[in-house]
Amino acid sequence: MVVAWALGPLGAVAIGTLLLALLLGWLWDAVVTVTRFRATCHRLRQFPRPPWRSWLLGHTGLGESTEEGLQQVDKLVARYRRGCLWWLSPWTSILRLFHPDTLRPILLASAFMAPKDQLFYGFLKPWLGDGLLLSRGQKWARHRRLLTPAFHWDILKSYMGVFNQSTHITRAKWRAAARAAGGLVGLEVLEQLSLLTLATLQKCIFSHESRCQDPSEYIKAILELSTLVVRRHHRLLHHPTWLYRLSADGRRFAQACATVQSFTAAVVQRRHQALDRLGHQAWLESHQGRSTDFIDLLLLTKDKDGNTLSDEDISAEADTFMFEGHDTTASGLAWLLYNLARHPQYQERCRQEVHELLKGRDVEEIEWEDLSRLPFITMCIKESLRLHSPVTAVSRCCTEDIALREGRVIPKGIICLMSIYGTHHNPDVWPEPQVYNPLRFSLENSQGRSLLAFIPFSAGPRNCIGQNFAMAELKVVAALTVARFTIRLDAGRPPRRKPELILRAEDGLWLLLEPLPEVA
């Protein structure tokens, strides 16, 4: 009012007009938003909604990351075979999809039509930056093209020695523990296998030796970051960034991020300086006699215009590979050993397959060509990935309306939670889904099955770029482990599944391992 008085009558009219315009603009935006929301809600009525707590709370608190939570998913899948609508708040809903036919339009859509959403992945951003997991649009497309050659068969072959070496070191640790325990030792295998996969990745990405022993500060930081991200998801007060930064967890997260990122950045900077100092050809010659690691490959890659990745981009991709590659593979291995312990007849058949393959060899190692000669172990791995998927769901946000085969439409802006666990346990897709049966994946039994019925590595344009790396490591570790150990259940510590970033067990996944007699 003081300003209006100072400006005179015309000034008062101008300010009043401006305020009225702002108010009308705000009201118009509100009307448009409400109208769009009502239209979206009307279209979402095509999808069944399970019983909720109330219109205000929706389904909040009904989906838990526990054994009981997974059993609830089983019940949802049994009742809503293709998918259902799930309300997180009065204004936020997601579609939970459980069937290949409903997954297909989203998974196979372009990465621009169905990018990964920020609700479920945003908390990883300060750690992983704009790596393949989190980047979008043209940046994602460019990086995907540039990184694909790093996972070519010829590159993966060079990592076989690393897989074998890490497994031999871990087997020696387990044999020593068994001797100290009198022959039969109880181990929390997920933690042990995480050290193995982390050691493998450090060697393949950075050419760094960690020997699968006690974790370094770098490894401890990665493990802590994974824990903190999961905890933040479950604490609503930690969702706002400014509040999280003020919390004890937020400070720990920042410190762990700094540890991981400084390690990666130092390696990348050191290599880049060497490349600039020596020149391309001399740098390549200096690498003769040793395997090319992931950092080397990214330093050398160029797009069609001759542009390279920045140091920041390379660091983000290395951090992403470390994050995505260690936990998922360790989880897959741990649950595989658990399933083989539950089914000793399949374990023995795997053992015989490996012994037959390695018969007469001086060195007990799995070669690249051997991977295709382990058909039963491969079936056991796939069935374990079906029954105990390391990643239980992936999410996408639709940037356009997406039509489903049966005529329903997923509205623009809706988040689709594609339940890998639900699809893998859907009785319409997998008869007797709770039964572990590796023969599901025999050639004859796989005929006619949808390619989207089995999606442990997701599918479509944004599928896991490292899935062949993971499958090769799974086969090597599994084969060399069953060849030298009998694996049994620990009856006193049955696992209770706990889906977090990957599928864990509440109090650890404990198994009993007994070394087999050494073959002369």
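Definitions and limits used
Residues numbered from 1 in each chain as written. Predicted model: local features only at pLDDT ≥ 70, side-chain atom pairs only at ≥ 80, totals over all residues. Heavy atoms only, no water. Helix = DSSP H or I, 4+ residues; strand = E, 2+ residues; numbered from the N terminus. Expected span 1.5 Å × (residues − 1). Buried < 20%, exposed > 50% of the residue type's maximum accessible area, 1.4 Å probe, protein only. Axes fitted to C-alpha atoms, helices over the stretch in contact; angles between N-to-C directions. Left-handed = near helix turned anticlockwise from the far one by under 90°. Contact = heavy atoms within 4.5 Å. Nonpolar A, V, L, I, M, F, W, Y, C, P; charged D, E, K, R; others polar. Pairing = 2+ DSSP bridges. Patch = residues over 30% accessible without salt bridge, like charges linked within 9 Å, V, L, I, M, F, W, Y side chains within 5 Å. Areas by Shrake-Rupley, 256 points an atom, 1.4 Å probe, with all protein chains shown as cover. Salt bridge = Lys/Arg side-chain N within 4 Å of Asp/Glu carboxyl O.

**Description of helix H20 (residues 467-484)**
In an α-helix there are 3.6 residues to a turn, and that puts residues three or four apart on one side.
Then comes step 1: With 18 residues, H20 should reach 26 Å at 1.5 Å per residue; the first-to-last C-alpha distance of 26 Å fits that figure.
Then comes step 2: Most of H20 is tucked away: 16 of the 18 residues are buried.

**A word on the side chain of serine 389**
Then comes step 1: Checked against the element boundaries, serine 389 lands in the loop between helix H17 (375-387) and strand E4 (393-397).
Then comes step 2: The class of serine 389 is buried, set by a relative accessible area of 0%.

**Comments concerning the packing of helix H9 (residues 189-206) against helix H15 (residues 311-342)**
Then comes step 1: Following both chains from N to C, one finds H9 and H15 inclined at 145°, their axes separated by 8 Å at the closest point. As H9 packs across H15, the resulting crossing turns out to be right-handed. Here Val189, Leu190, Leu193, Ser194, Thr197, Leu198, Leu201, Gln202, Ile205 and Phe206 of H9 come into contact with H15, specifically with Ala318, Phe321, Met322, Gly325, His326, Asp327, Thr329, Ala330, Ser331, Leu333, Ala334 and Leu337.
Then comes step 2: Of the residues in the contact of H9 with H15, the class split is 14 nonpolar, seven polar and one charged.

**Things to note about the sheet that holds strand E3 (residues 185-188)**
Then comes step 1: Sheet architecture is open: three strands sit in the order E3-E11-E8, paired in antiparallel fashion. The open sheet has two edge strands with one neighbour each: E3 and strand E8 (485-489). In this sheet, adjacent strand axes meet at a mean angle of 35° when their direction is disregarded.
Then comes step 2: Of the strand pairs in this sheet, E3 and strand E11 (residues 510-515) are connected by four bridges, and their pairing is antiparallel. Note on E11: the bridge partner recorded for glycine 186 is leucine 512.
Then comes step 3: Set on the sheet, helix H8 (residues 160-181) makes contact with E3, E8 and E11; between it and E3 the angle comes to about 135°.
Then comes step 4: In the packing of H15 onto the sheet, the strands contacted are E8 and E11, and the crossing angle to E8 comes to about 80°.

**Looking at a nonpolar patch on the surface**
Then comes step 1: On the surface, a nonpolar cluster with roughly 520 Å² of combined accessible area is contributed by Leu20, Leu23, Leu24, Trp26 and Leu27.
Then comes step 2: Assignment of secondary structure puts leucine 20 in helix H1 (residues 2-44).
Then comes step 3: When its relative accessible area of 48% is taken as the criterion, leucine 20 is described as partly exposed.

**Focus on the sheet that holds strand E7 (residues 415-419)**
The strands making up a sheet are joined through hydrogen bonds of the backbone, oriented either antiparallel or parallel.
Then comes step 1: On the basis of which strands lie adjacent, the open sheet formed by four strands has the order E1-E2-E7-E4 and mixed pairing. Every interior strand has two partners, whereas the edge strands, strand E1 (83-89) and E4, have only one. Each strand axis lies, on average, 25° off the axis of its neighbour in the sheet, ignoring direction.
Then comes step 2: Relative to E7, E4 runs antiparallel, the two sharing five bridges. Residue cysteine 397 lies in a different strand from E7, and its bridge partner there is isoleucine 415.
Then comes step 3: On the sheet, helix H3 (residues 100-107) packs against strand E2 (92-97), E4 and E7 and is oriented at approximately 130° with respect to E7.

**Quick notes on the pairing of E11**
Then comes step 1: The pairing of E8 with E11 spans five bridges and is classified as antiparallel. Note that in E11 the partner of threonine 486 across the bridge is glutamate 514.

**Details of the pairing of E7**
Then comes step 1: For E7, the tally of buried residues reaches five of five residues, placing the bulk of the element in the interior.
Then comes step 2: The side-chain alternation of E7 yields two buried faces, one formed by Ile415, Leu417 and Ser419 and the other by Cys416 and Met418.
Then comes step 3: Relative to E7, E2 is paired through four bridges, and the arrangement is parallel. Bridge pairing in E7 places leucine 97 opposite methionine 418.

**Digging into the environment of leucine 187**
Then comes step 1: Looking at the element boundaries, leucine 187 is found in strand E3.
Then comes step 2: By relative accessible area, leucine 187 is classed as buried at 10%.
Then comes step 3: A C-alpha to C-alpha distance of 30 Å links leucine 187 and glycine 63, two positions 124 residues apart in sequence.
Then comes step 4: Once residues lying within four places of it in the same chain are set aside, the contact partners of leucine 187 are Trp174, Leu509, Trp510, Leu511 and Leu513.

**Quick look at the side chain of threonine 423**
Then comes step 1: Residue position: threonine 423 is located in helix H18 (residues 420-424).
Then comes step 2: Given a relative accessible area of 0%, threonine 423 falls into the buried group.
Then comes step 3: Not counting chain neighbours up to four residues away, the residues in contact with threonine 423 comprise Leu97, Phe98, His99, Pro100, Leu103, Val429, Trp430, Leu452 and Ala453.

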